[in-house]
Amino acid sequence: MPATQQRLEQLTQFFVSRGADLSTAQNQEIATITNTVRREAYPSSVTFRVF
C-alpha cells in the first residue's frame, strides 16, 4: 500500500475511533490533509513573493 493511501486510512481509523461515522471520518481526513498541505506550502509562497 502506498504511503499516502496508508496515511489516509490511518486518519480515517483515528476519526472513527473517536466516534465519527465513516463518511464524517473521511471528510475529516480530507480536511486534515488539505490543512497540512496549505500550512506547509504557505512559507514557500511567502518566500517567493518577497524575492
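As a reminder, the structure under discussion sits directly above these lines.
How each quantity is defined
Residues numbered from 1 in each chain as written. Predicted model: local features only at pLDDT ≥ 70, side-chain atom pairs only at ≥ 80, totals over all residues. Heavy atoms only, no water. Helix = DSSP H or I, 4+ residues; strand = E, 2+ residues; numbered from the N terminus. Buried < 20%, exposed > 50% of the residue type's maximum accessible area, 1.4 Å probe, protein only. Areas by Shrake-Rupley, 256 points an atom, 1.4 Å probe, with all protein chains shown as cover. Phe/Tyr/Trp six-rings, centres within 6.5 Å; stacked < 30°, edge-to-face > 60°. Contact = heavy atoms within 4.5 Å. Lys, Arg positive; Asp, Glu negative; His and termini not counted. Salt bridge = Lys/Arg side-chain N within 4 Å of Asp/Glu carboxyl O.

## Concerning the overall build of the protein chain
Along its length, the protein chain carries two helices and zero strands. Looking at the 51 residues of the protein chain, the share that counts as buried comes to 12%. Surface exposure of the protein chain reaches about 4,300 Å², of which carbon and sulfur atoms provide 57%.

## Focus on the packing of aromatic side chains
Considering all chains together, one arrives at one aromatic pair under this definition. Ring centres of Phe14 and Phe15 lie 5.2 Å apart, and the angle between their planes is 70°; on these two criteria the pair is classed as edge-to-face. On the basis of relative accessibility, which here comes to 15%, the residue Phe15 falls in the buried class.

## Some words on the side chain of Thr12
Tracing the backbone shows Thr12 in helix H1 (residues 3-17). Apart from the residues lying within four places of it in its own chain, the contact partners of Thr12 are Leu22, Ala25, Gln26 and Glu29.

## Considerations on the side chain of Glu29
With respect to the helices, strands and loops of the structure, Glu29 is situated in helix H2 (residues 22-50). As a buried residue without a salt bridge, Glu29 has its nearest oppositely charged side chain in Arg7, at a separation of 9.9 Å. For Glu29, the contacting residues outside a window of four places in its chain are Leu8, Leu11, Thr12 and Phe15.

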